[in-house]
Every structure is written in C-alpha cells, then in structure tokens.
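# Examining the three-dimensional arrangement
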Amino acid sequence: MSSMNTYTLSNGNKIPVLGFGTWQTPAGDTAKAAVQAALAAGFRHIDTAEMYGNEQSIGEALAESDLPRSELFITSKLDNKFHSYEAATEAIDRSLADLKLEQLDLFLIHWPNPKAFRDENWEEHLQETWRALEDAYHAGKLKAIGVSNFKPKHLQVLEKTQTIQPMVDQIRICPGDFDQETISYCQAHGILLEAYSPFGTGQIFSDPTLQKLAAKKGKTIAQICLRWSLQHGFLPLPKSVHADRIKENTQVFDFELTESEIKQLDDLEGIAGYATDPDTASF
Ligand SMILES: NC(=O)c1ccc[n+]([C@@H]2O[C@H](COP(=O)([O-])OP(=O)(O)OC[C@H]3O[C@@H](n4cnc5c(N)ncnc54)[C@H](OP(=O)(O)O)[C@@H]3O)[C@@H](O)[C@H]2O)c1
C-alpha cells in the first residue's frame, strides 16, 4: 500500500487514498516547490481551491511535471462568492484555465451556506449551484463532483433536486474532531469522506496522548494522525511546504494501529479545536 493506492468513488473513478493539501501555501515559488516536492515524494493527488489563490502556481508545477496526466488526481473548489448557475460555471472554467487542465478529477462546492447567500433562498442557490456542477460533469469538464463542509441537512437540500449524488464530502476530521453524524450519513450513502486539517492546521502536535503513542510506535505524530484517518477509511489531506515533512507524510503504509490505539484516539476531545459551523460562519 502507498500514497498511490486508491479508493473507488461512487461513479467508479479511482482516487488516491492520500491527498496533498495547499491551503495557506503562498502562490508563486512556494506553492510550485511544494507541489514539486509532493510529486517527488509520491503524492499523486493535489487538493486546491480558487479561494487559496494558488491555482496558477500549482498549474505551473503540474505542467512542468513529467508524470502522465492520467496518474494525477487534481481537485479544486468553488469560491464562496459564486453560488449561482452562471457564476459557478464560469468559476469551473477559470479553475481549469488557471490549473492549465482540460479536465478536473474532482470539483467541490467549498461551503454549503456562505454568508453572502444566507437568505430565505439559500436552498435554491445551493441547488442551482449543484446543477452547474452536474452539467460540467456531463460536459466532461469534471470527472467527479462533490461537496465540502456539508452536514446531513445540506446534503438533504441537494437530494431534493439532484440528478447526481455528491461523490465526496470533504470535512474537518482529526483526532479530537470527529463529526459522527455527518460521517455516518456519508458512509450510509456511499459518499467518500475526505479528511481536511488532519493535523488540526498544525494545532495537534502538543497533545500528550499522541506524543506517547508516537513514541511507542516509533512514528511521528503526523504519521499517527494520518494512519488513524486511513484506518477509518477516510482520505486525509495533509498540507506542508517543507520537503522533509512532505516525505514523512507519505510514509504511513508500513505500520498499523491496533483497535485499542484507534479507540484511544477516537476518545480524544477538541485537542486541535473544532470545525467551523457552516451555517453561522462569518464568511
Ligand atoms: N474544504 C475546506 O474547507 C478545507 C479547510 C481546511 C483545509 N482544507 C484542505 O486540507 C488541507 C490540510 O489542512 P490544513 O492546511 O488545515 O492543515 P493540516 O494539514 O492539518 O496541518 C498543516 C500544518 O501542519 C504542519 N505540518 C505538516 N506536516 C507536518 C509534519 N510532518 N510535522 C510537523 N508539522 C507538520 C504544517 O507546517 P508546514 O507547512 O510549515 O510544514 C502546517 O502548519 C488544506 O491544505 C486544504 O487542502 C480544506
């Protein structure tokens, strides 16, 4: 098993089990070098978003790579400003152009209920936006479509009008922050869970339970967190801009956590904070 191993999405497409995160990775040389280091370390799945502001730099790194396009899995996401059919369609074309790609492997609605659209018609805005993703999927621009930060109530809004069920829900999951209701709902509906912020955006490293377990297993805390995520069947998306850490984050396929070790991590509470509530967030 390696970072090139895959899960299968509900449309039959394969997706590498580990993805490379790029939120807060500055555009320009840093983003380009980070993606180059990730590809060299064995990552084949890159996660970006229009809101990260680094799609063009990532596109340059991809264009300069010798890897065949078919080996790469590239995800982007809709900026919260564009929750309408027309604006979402334009945003998809913009992400494709910025990433210099003919097709995206996965495109997500980044946020279910952005503040700018949080009015009495928010459900219609969301349904219309999803229809734009469905049409881009049928047009062959997007090979898979999904959502991010959606709870069951948001998925149920889509269910009223969707002709394609989201293939992915990308949510915050790390030891201590585990939205069991959303996880169970997605698992029951065949929606793959991508685990963003697998290190709680860097806040997880001082936890004593993780420190002890890492020492016992002869692994780093980062590797323990990723292993925990993978053994739950999630798809973790670790971010780093340092080549040594990027490599470390791929070396998670040569050991296993026992059931009791997993349970010990499941029982942690809020050690790296909690996900933002999508219905009350200030954005
Ligand atoms: N859909 C959404 O709304 C959403 C929200 C948040 C994140 N995401 C996605 O998920 C990805 C990951 O989440 P995240 O960016 O919040 O953070 P994260 O991956 O949980 O943590 C990243 C932090 O940990 C540090 N780090 C990484 N590997 C390390 C290692 N082996 N040892 C020690 N420190 C290490 C990084 O520092 P350095 O970079 O300095 O190495 C950075 O400070 C994002 O980049 C993005 O692609 C999506």
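Coordinates for the structure precede this section.
Notes on the structure in this doc start here. This one's a predicted model, so the numbers in the text were calculated from it and none came from an experiment.

Cut-offs and rules
Residues numbered from 1 in each chain as written. Predicted model: local features only at pLDDT ≥ 70, side-chain atom pairs only at ≥ 80, totals over all residues. Heavy atoms only, no water. Near = heavy atom within 4 Å. Polar contact = N/O pair within 3.5 Å; in protein donor to acceptor, adjacent residues only side chain to side chain. 1 Å grid on protein atoms, 1.4 Å probe; cavity = no way out; pocket = protein on both sides within 12 Å on 5 of 7 lines; lining within 4 Å. Sits in = over half its atoms within 2 Å of the grid points. Nonpolar A, V, L, I, M, F, W, Y, C, P; charged D, E, K, R; others polar. Buried < 20%, exposed > 50% of the residue type's maximum accessible area, 1.4 Å probe, protein only. Helix = DSSP H or I, 4+ residues; strand = E, 2+ residues; numbered from the N terminus. Pairing = 2+ DSSP bridges. Right-handed = clockwise from strand over helix to strand, strands pointing away. Axes fitted to C-alpha atoms, helices over the stretch in contact; angles between N-to-C directions. Parallel < 35°, antiparallel > 145°, perpendicular 65-115°, else oblique. Contact = heavy atoms within 4.5 Å. Points joined across faces, edges and corners; volume = space filled by probe spheres on them. Salt bridge = Lys/Arg side-chain N within 4 Å of Asp/Glu carboxyl O. Phe/Tyr/Trp six-rings, centres within 6.5 Å; stacked < 30°, edge-to-face > 60°. Lys NZ or Arg CZ within 6 Å of the ring centre and 35° of its normal.

Close to the ligand lie 28 residues, the nearest being D47, S197, T201, S240 and R245. The separation between an oxygen atom of the ligand and a polar side-chain atom of D47 is 2.7 Å. Its atoms largely coinciding with the cavity grid, the ligand occupies the largest pocket. Per-class residue counts for the shell around the ligand are ten nonpolar, 13 polar and five charged.

Right, let's talk about the pairing of strand β6 (residues 106–109) for a bit. Burial along β6 is two-sided: the residues L106 and L108 and F107 and I109 are all buried. Judged from the four bridges that link them, strand β5 (residues 73–78) and β6 form a sheet pairing that is parallel. Of the residues in β6, the one forming a bridge with T75 is L106. Since β5 and β6 lie parallel, the crossover through helix α3 (residues 85–99) that links them has a hand, and here it is right-handed. Sheet topology places β6 next to strand β7 (residues 145–148); three bridges connect them, and they run parallel. When the bridges of β7 are listed, L108 appears paired with G146. Note that the unit made of β6, helix α4 (residues 122–138) and β7 has a crossover that is right-handed.

Moving on, we come to the packing of helix α7 (residues 208–217) against helix α8 (residues 221–231). The N-to-C vectors of α7 and α8 enclose an angle of 95°; their axes lie 9 Å apart at closest approach. As judged from the angle between their axes, α7 and α8 are roughly perpendicular. From α7, L210, Q211, L213, A214 and K217 reach across to α8, where they touch I221, I224 and C225. In the contact of α7 with α8, the residues fall into six nonpolar, one polar and one charged.

The next thing to look at is the layout of surface pockets. Its volume calculated, the largest pocket comes out at about 900 Å³. At the level of elements, β8 (168–172), α8 and α9 (243–248) are the ones that each hand at least two residues to the lining of the largest pocket. Per-class residue counts for the lining of the largest pocket are 17 nonpolar, 18 polar and five charged. In terms of lining residues, the second largest pocket is bounded by 15 residues, among which S70, L72, F73, D105 and K143 are the most central. Residue composition of the lining of the second largest pocket, grouped by class: four nonpolar, four polar and seven charged.

Moving on to α8. Most of α8 sits out of view: ten of its eleven residues are buried. Within α8, burial applies to I221, A222, Q223, I224, C225, L226, R227, W228, S229 and L230. Those residues of α8 that are buried are in contact with β1 (6–8), β9 (192–196), α7, β10 (235–236), α9 and α10 (259–266). Backbone geometry just downstream of α8 places G233 in the positive-phi region, at approximately 85°.

As a further point, take the pattern of salt bridges. What the rule picks out here adds up to 16 salt bridges. A salt bridge links K160 to E123; the nearest nitrogen and oxygen atoms lie 3.0 Å apart. Residue K160 is located in the loop between α5 (152–159) and β8, and its partner E123 is located in helix α4; the two are separated by 37 residues in the primary sequence. The class for E123 is partly exposed, based on a relative accessible area of 25%. Across the salt bridge formed by D279 and K153, the nearest N and O atoms sit 3.0 Å from each other. Placement of D279 in the segment after α10 and of K153 in helix α5 is noted, with a sequence separation of 126 residues between them. Owing to a relative accessible area of 17%, D279 belongs among the buried residues under this scheme.

It is worth spelling out unusual backbone geometry at this point. In this structure, Q24 is a non-glycine residue whose phi angle is positive, near 70°. By the secondary structure assignment, Q24 is in the loop between β3 (20–21) and α1 (29–41). A positive phi angle, close to 50°, is found at S197, a residue other than glycine. Within the secondary structure layout, S197 lies in the loop between β9 and α7. Among the residues examined, S197 registers a relative accessible area of 12% and is labelled buried.

As enumerated under the stated definition, the model contains six aromatic pairs in all. With a centroid separation of 4.8 Å and 55° between ring planes, the pair formed by W111 and F283 is classed as tilted. Here F283 lies in the segment after α10 and W111 lies in the loop between β6 and α4, a separation of 172 residues in the sequence. Among the aromatic residues, those joined into a ring-pair cluster are F178, W228 and F234. When the ring centre of F255 is taken as reference, the NZ or CZ atom of R227 above it lies at 5.9 Å.

Bear in mind that shape data such as this cannot, by itself, settle questions of function.
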